[in-house]
Amino acid sequence: MPRPSIEYPDAMRLVVELSSLYVACDDCGHSRTLKLQNLRQAATLGVHNYMQLCRKIRCSECPKRPPSFRNLTIRPTWISDGALQTVA
Ligand SMILES: [Zn+2]
């Protein structure tokens, strides 16, 4: 059993369990929210769990950088955490 990383305690949860994902860039202040549609699209592109998704995400305003150099604040909203009514 691989230990889940401290940085992403929900690392192994599935992308399809997310109802939305808030992403803010601490470098430039740009923020956006990935909706169910965006998340489903990521899932069809081969991104299956939350950890993989976090690695894919980058700021659209800042130049490309390796994941460890990104300063992103990522806040997931999980369907199972009470957002079911917005999905139905
Ligand atoms: Zn940025």
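Residues numbered from 1 in each chain as written. Predicted model: local features only at pLDDT ≥ 70, side-chain atom pairs only at ≥ 80, totals over all residues.

**Comments concerning the overall build of the protein**
Then step 1. Broken down by element type, the protein carries three helices and three strands.
Then step 2. Reading the protein from its N terminus to its C terminus gives the helix and strand order β-β-α-α-β-α.
Then step 3. The buried share of the protein, reckoned over its 88 residues, is 10%.
Then step 4. For the protein, long-range pairs separated by at least 24 residues make up 67% of all intrachain contacts whose partners lie at least 6 apart in sequence. (Helix = DSSP H or I, 4+ residues; strand = E, 2+ residues; numbered from the N terminus. Buried ≥ 20, exposed ≤ 12 C-beta atoms within 10 Å, placed from the backbone. Contact = placed C-beta atoms within 7 Å.)

**Remarks on the environment of Met51**
Then step 1. In this structure, Met51 sits in helix α2 (residues 50-56).
Then step 2. Separated by 41 residues in sequence, Met51 and Asp10 place their C-alpha atoms 7.7 Å apart.

**Considering the environment of Met12**
Then step 1. Here Met12 lies in the segment before β1 (18-25).
Then step 2. Linking Met12 and His48, residues 36 residues apart in sequence, is a C-alpha distance of 8.9 Å.

**Some remarks on the nonpolar core**
Then step 1. Judged by nonpolar contacts, Val15, Leu18, Leu21, Ala42, Tyr50, Leu53 and Cys54 together constitute the single largest core of seven residues.
Then step 2. Listing elements by their share of this core, those giving two or more residues are β1 and α2.
Then step 3. Those residues in contact with Val15 that lie beyond four places of it in its chain are Leu39, Ala42, Ala43, Val47, His48, Asn49, Tyr50 and Leu53. (Core = buried A, V, L, I, M, F, W, Y, C linked by C-beta atoms within 7 Å.)

**What about the confidence of the model for the protein?**
Then step 1. When pLDDT is averaged across the protein, the result is 85; 83% of the residues are at 70 or more.
Then step 2. At the low end of the mean pLDDT range in the protein sits helix α3 (residues 84-87), at 50; at the high end sits strand β2 (residues 31-34), at 96. (pLDDT = per-residue confidence, 0-100.)

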